[in-house]
Amino acid sequence: MTFEHCIRCTICVENCPVFRVQPEFPGPKQAGPDAQRFRIGREKSIDDWVLLCSQCKRCEMACPCGVEPAQIILRVQQRYGMEHPHSPAHLLFANNYYLSALGSMTAPLANRIAATKIGKKILGQMGIATYIPFPKFSFKTLSGEKKTRSRGNRKVAFFYGCFINFYRPDIGRKIIRMLQSFQINVVLPPQVCCGLPALGNGNLALARTFAQKNVASLSNYIDAGYDIVYTCTSCGLCLLQDYQGILEIPEAKKIAENSYDLHEYLLKLIAEREISPVFREVNRSLAYHIPCHLRALKIGYPAADLMKRIPGLDVAILDDACCGLSGSYGFKKTNEAAACELGARAVSLIRKTGAEAIVADCGSCRMQLSGLSTMDAFDPAEILCESLGIRNKK
Amino acid sequence: MSVIEYDVIVIGAGAAGLTAAAWLAEQKLRVALVTAGEPTACLSTGCIDVCSRSDQPLHGIAGLPDEHPFHRVSPETLKQALEDFRRMMADMDMPYEGTLEENRLVLSAIGTFKTTCLVPATMHASPQSDEEKIHLITFTGLKDFYPGYLLSRLRNASFSSYDAGVSTTMGIAAHFEDRAFLETFLLWLERQNIREDKIAFPAVLGLESSSFVLNQIESRLERPVFEIPTLPPSMPGRRLFNVMKDHLRRRGGVIYWNWPVVGVEKSGRQIEAVTTEAQGRPNSLNARAFILATGSFVGGGLYANRDRIVEKVFNLPVFAPENRDDWFEQDYFSMNHGIGQAGIPVDEAFCPQGSPWNNIFVCGSILARTETLKNGCGHGFAIATGRAAARSCLERLK
Ligand SMILES: Cc1cc2nc3c(=O)[nH]c(=O)nc-3n(C[C@H](O)[C@H](O)[C@H](O)COP(=O)(O)OP(=O)(O)OC[C@H]3O[C@@H](n4cnc5c(N)ncnc54)[C@H](O)[C@@H]3O)c2cc1C
Ligand code: SF4
Ligand code: SF4
């Protein structure tokens, strides 16, 4: 931990979205490096305000001294979680994976209940915010998809993540078709939730269980010559950063070395002249909301680089605002007001561009932004597919 | 091998790096800027110091020691760079005022006056003496801003205090972005029956819309309003950084955040790529030329070991006072600490002296003998050298 390197410049504080709107949160400098000096192993943690940090990582990206306040806070959050009982909302979201699996199995029913007044009331009493519609479960998850093969010698194991699996498997199918159109072999390796929701809700043990399962599975595929491709930037960050970092999974380095963001991967193949996609005109003007976790991945904005190649497409890049939802953060009643205010700011920046729709890599950013603005929000892959003429079979 | 090959990679997002990158992008080069974190501009008053050691910046520069890197910038380049800066800021709705002919004063948060060259429009009305009649508005509980300091030094000042419900500069500035808050505040302000000629605020008048907020207050109260820069978090510094960054992006430049350069790939006399450690695997970016704008010690470009000062990216030869005893003076607050001279010595083309590489250009406060503090060569110097280094880089690439 490098908290001693802090020069107290407050640059992180200026970048913290939660600090902006949530007076109870003292900001990354105080919650991170400042308070760290006083945290002793023997004493129970009392600083419950650490739970207010949404783990957007913006503080970390701005700090000129490499202090990583978000990492410090994440560790304190886990410790707090171990020492204190979890609220129903925390428990629920940590276990989002199992719940979503259940939700999908019973999709028609679950969706209807979640949308009713009574459903909302129950959610409210559990401490869950309902200011934007809860995402709809999909009955046909991606994990239920049959094996798909094509003839190429590039092999990809697709880590699709919970959002695509349970809510938008149609996007997942399109991505698979797109990769296949480049003669890439795509398989869907056995996988569970990446573990980030569990971490975000102070449940280190559960996160580790998820991580171990994933690593065991993905590692086999890497040994068999597969590249891992993920598409959710938060899953990606968890896979690459947290598995090696806070979760201390032995084989995590191997996973990090062989996993790529979908768009990063396509650019790589283009650079290596393995594929040369022909992008056709798409007449749209889009506001590209950069998810905080894409920025934190340090790979630049590969989807923007790809979309630049699409004729007729006008993309304005917005990376100054956090959407406010931060996975399950904004779904908690205690954070609802902050999430709404941050979302409103992000939406106002989007509106300023005059774009007609939103594009964002992260499913929960899209949910928040389209929920608050009533604009359409696309995954960049959907735009690429539109340009490449790739459609799902009816 | 990186995915995209750039013409130029600029390292560092300070005033120097952002200026260089935006200018090169304007010349239609493929430019990427990589940065470890946010620059010293965010900590600054937002005022542009060119050379604050004299009343006239140009005289001040002429009087700098012969080895000072400012002499490597031609007067035309300096003028162009600052003019372009002003035009850009005006286009982006954050106009600056001032000229290279004359420095001006800005009232500081402790009631002293700071000498500078260009000021944001929100400080245009800053008093030029301690005689002016000023009413100071402060905010209940605001951290790090003490009206007492100001009142003890200004002869004709009074103050009132508004409860904004939050106590941080950031929080209040965010409130000012909200029209309803602004309107309530304006009504309160009208009720204060202010008699003084000017109204002063700590610099919290909005984040993106400071010009708008300032205009609203001025037109309602019918007299000049100005901001007093605060300790960091400093809103005018952040606005400056945000606007420069947006400008670069609009010119087509790409920015990689959280990208501390930790290694380089080289071949012959050329640097081919810079690399960072990106979540588990090295990530590299190729370019034909590189501009080093990593700042001095605070920015992170220089690092002092016990016996030696190192430049962290390319390990370029560093100039520093030979004897370690000459690094510091006895007086902590001295502006004359020898270590201020430390940095990279360059030739006329802003290429590092005594280095084997021929595609690196250096600009900003990492240049040897800048002595930012002593000479008051701040953002203005960074902007001017950023422009000069970029120009020389372009010529090399042609
Ligand atoms: C507290 C403070 C207040 C100031 N106030 C004023 C003022 O009011 N007016 C004024 O004119 N001047 C002011 N200055 C001086 C002014 O900020 C600087 O002289 C000038 O802006 C320097 O700009 P720069 O671009 O050279 O470097 P910096 O602003 O230092 O920026 C360096 C950049 O390089 C990045 N970097 C460093 N190492 C690496 C690496 N290995 N890889 C990638 N990126 C890296 C950093 O993250 C940073 O973004 C102030 C300085 C300080 C410290
Ligand atoms: S953690 Fe980093 S950004 Fe925050 S105050 Fe410390 S040095 Fe500055
Ligand atoms: S991770 Fe985000 S919310 Fe948490 S302290 Fe850092 S900037 Fe604030």
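A quick note: this is a predicted structure, and the numbers were derived from the prediction, not measured. (Residues numbered from 1 in each chain as written. Chains lettered and ligands numbered in written order. Predicted model: local features only at pLDDT ≥ 70, side-chain atom pairs only at ≥ 80, totals over all residues. Heavy atoms only, no water.)

Time to look at the overall build of chain A. Regarding its fold elements, chain A presents 21 helices and 8 strands. Each of the 394 residues in chain A was classed as buried or not, and the buried ones make up 63%. Pairs at least 24 apart in sequence give 79% of the contacts found in chain A among residues at least 6 apart. Approximately 16000 Å² of chain A is accessible, and the part contributed by carbon and sulfur atoms is 55%. (Helix = DSSP H or I, 4+ residues; strand = E, 2+ residues; numbered from the N terminus. Buried < 20%, exposed > 50% of the residue type's maximum accessible area, 1.4 Å probe, protein only. Contact = heavy atoms within 4.5 Å. Areas by Shrake-Rupley, 256 points an atom, 1.4 Å probe, with all protein chains shown as cover.)

Glancing now at the packing of aromatic side chains. Residues and elements named next belong to chain B. Under the defined criterion, the tally for this structure stands at 22 aromatic pairs over all chains. Ring plane angle 75 degrees and centroid distance 6.3 Å describe the contact between F241 and W257, whose orientation is recorded as edge-to-face. Remark: W257 occurs in the loop between strand 11 (254-256) and strand 12 (263-267) and F241 occurs in helix 8 (residues 235-250); sequence separation between them is 16 residues. Just as F241 is buried, W257 falls in that class too. Clustering of aromatic rings is evident, with ring pairs tying together F139, Y162, F176, F181, F185, W188 and F201. (Phe/Tyr/Trp six-rings, centres within 6.5 Å; stacked < 30°, edge-to-face > 60°.)

Time to look at the interface of chain B and chain A. In this complex, chain B contributes 38 residues to the contact, which on the side of chain A involves 41 residues. Contact between chain B and chain A buries roughly 3200 Å² in total, counting both sides, with carbon and sulfur atoms accounting for 51%. Linking chain B to chain A there are 4 salt bridges. A salt bridge links K245 of chain B to D320 of chain A, with the nearest nitrogen and oxygen atoms 2.9 Å apart. The interface formed by chain B and chain A holds 11 residue pairs in polar contact (both at pLDDT 80 or more) in total. Listed by contribution, the elements that provide at least two residues to the side of chain B that touches chain A are helix 5 (169-176), helix 8, strand 11, strand 13 (270-278) and strand 14 (281-292) of chain B. (Buried area = accessible area lost by both parts, 1.4 Å probe. Salt bridge = Lys/Arg side-chain N within 4 Å of Asp/Glu carboxyl O. Polar contact = N/O pair within 3.5 Å; in protein donor to acceptor, adjacent residues only side chain to side chain.)

Attention shifts here to the sheet that holds strand 5 (residues 284-289) of chain A. Residues and elements named next belong to chain A. Strands sit in the order 6-5-7-8 across an open sheet of 4 strands; the sheet is parallel. Edge positions in the open sheet fall to strand 6 (313-318) and strand 8 (377-378), since each of these has one partner strand only. In this structure, strand 7 (residues 357-359) lies alongside strand 8, joined through 2 bridges in parallel fashion. Bridging from a neighbouring strand, I358 pairs with A377 of strand 8. (Pairing = 2+ DSSP bridges.)

Moving on to the site of ligand 3. All names here are of chain A. Near ligand 3 you find 13 residues, and of these C16, C53, C56, K57 and C59 are the closest. Secondary-structure elements contributing two or more residues to the shell around ligand 3 are helix 2 (17-21) and helix 5 (69-83). Residues belonging to the shell around ligand 3 are distributed by class as follows: 10 nonpolar, 2 polar and 1 charged. (Near = heavy atom within 4 Å. Nonpolar A, V, L, I, M, F, W, Y, C, P; charged D, E, K, R; others polar.)

Residue pairs spaced three or four apart in an α-helix point in one direction, given the helix's 3.6 residues per turn. Judged by how many residues are buried, helix 3 (residues 28-36) of chain A sits mostly within the fold: 8 of 9 residues are covered. Those residues of helix 3 of chain A hidden inside the fold are in contact with helix 1 (11-15), helix 4 (58-62) and helix 5 of chain A.

What follows deals with the domain arrangement of chain A. Residues and elements named next belong to chain A. Examined at the domain level, chain A breaks down into domain 1 (3-83), domain 2 (142-193 + 202-271) and domain 3 (284-388). One C-alpha centre belongs to domain 2, the other to domain 3; they are set 22 Å apart. Every contact between the two is made by 21 residues of domain 2 and, on the other side, 24 residues of domain 3. With both chains or domains summed, domain 2 and domain 3 bury close to 1900 Å², and 73% of this area falls on carbon and sulfur atoms. Put simply, R168 and E382 hold a salt bridge, and the shortest N to O gap is 3.6 Å. The interface formed by domain 2 and domain 3 contains 1 residue pair in polar contact (both at pLDDT 80 or more). Breaking the side of domain 2 that touches domain 3 down by element, the ones donating at least two residues are helix 11 (169-181), helix 14 (233-242) and helix 16 (262-271). Ranked by residue count, the leading element in the side of domain 2 that touches domain 3 is helix 16, at 6 residues. (Domains from an automatic or database assignment.)

Turning our eyes to something else, we now look at a nonpolar patch on the surface. Where nonpolar side chains cluster on the molecular surface, the patch consists of I110, Y146 and Y149 of chain B and spans about 310 Å² of accessible area. Note that I110 of chain B resides in the loop between strand 4 (104-107) and strand 5 (113-116). (Patch = residues over 30% accessible without salt bridge, like charges linked within 9 Å, V, L, I, M, F, W, Y side chains within 5 Å.)

Attention now goes to the nonpolar core. Grouped together as the largest cluster of nonpolar side chains are 205 residues, with contacts concentrated most on M178 and Y243 of chain A together with I9, F70, F85, I291 and F314 of chain B. Tallying contributions element by element places helix 10 (residues 379-397) of chain B first for this core, with 10 residues. Here F70 of chain B is in contact with V50, I61, L64, L78, C377, F381 and A384 of chain B, once residues within four sequence places are set aside. In terms of nonpolar packing, the next biggest core, distinct from the first, is built from 35 residues, A109, L142, V166 and V225 of chain B among them. (Core = buried A, V, L, I, M, F, W, Y, C linked by side-chain atoms within 4.5 Å.)

On to the sheet that holds strand 9 (residues 198-202) of chain B. Residues and elements named next belong to chain B. What the 4 strands build is an open sheet, ordered 8-7-9-10; its pairing is parallel. Bordering the open sheet on either side are strand 8 (156-162) and strand 10 (225-228), each of which pairs with just one other strand. Across this sheet, the average inter-strand angle for adjacent strands is 30 degrees, counted without regard to direction. As defined by bridge partners, strand 7 (residues 133-139) adjoins strand 8 across 7 bridges and the pair is classed as parallel. Note on strand 8: the bridge partner recorded for I134 is A157. Helix 6 (residues 179-190) rests against strand 7, strand 8 and strand 9 of the sheet, and its axis sits at about 135 degrees to strand 8. (Axes fitted to C-alpha atoms, helices over the stretch in contact; angles between N-to-C directions.)

Okay, the pattern of salt bridges next. Under the counting rule described, the total for this entry stands at 34 salt bridges over all chains. Its salt-bridge partner being R249 of chain B, residue D319 of chain A comes within 2.7 Å of it at the nearest N-O pair. With D319 of chain A in the loop between strand 6 and helix 19 (336-352) and R249 of chain B in helix 8, the pair connects residues from two separate chains. We note that D319 of chain A, like R249 of chain B, is buried. Across the pair K198 of chain B and E132 of chain B runs a salt bridge whose closest N-O atoms are separated by 2.7 Å. One end of the pair, K198 of chain B, is in strand 9; the other, E132 of chain B, is in the loop between strand 6 (119-120) and strand 7, and 66 residues separate them in sequence. The class for K198 of chain B is buried, based on a relative accessible area of 14%. Residue E132 of chain B is classed as partly exposed on the basis of its relative accessible area of 24%. Each of the salt bridges in this network shares a partner with another, and the network as a whole consists of R154, D227, K268, E272 and E274 of chain A.

Residues and elements named next belong to chain A. The full set close to ligand 2 counts 14 residues, and C6, C9, T10, C12 and C63 are the nearest of them. Counting residues per element, the ones that place at least two in the shell around ligand 2 are helix 1 and helix 3. Classifying every residue of the shell around ligand 2 by side-chain character gives 11 nonpolar, 1 polar and 2 charged.

Here we come to the packing of helix 1 (residues 15-26) of chain B against helix 10 of chain B. Residues and elements named next belong to chain B. For the pair helix 1 and helix 10, interaxial distance at closest approach is 7 Å and the crossing angle is 40 degrees. Helix 1 and helix 10 meet at a crossing whose hand is right-handed. Packed against helix 1, whose contacting residues are A15, A16, T19, A20, W23 and L24, the element helix 10 presents H379, A382, I383, G386, R387, A390, R391 and L394 at the interface. When the residues that make up the contact of helix 1 with helix 10 are grouped by side-chain class, the tally is 9 nonpolar, 3 polar and 2 charged. (Left-handed = near helix turned anticlockwise from the far one by under 90°.)

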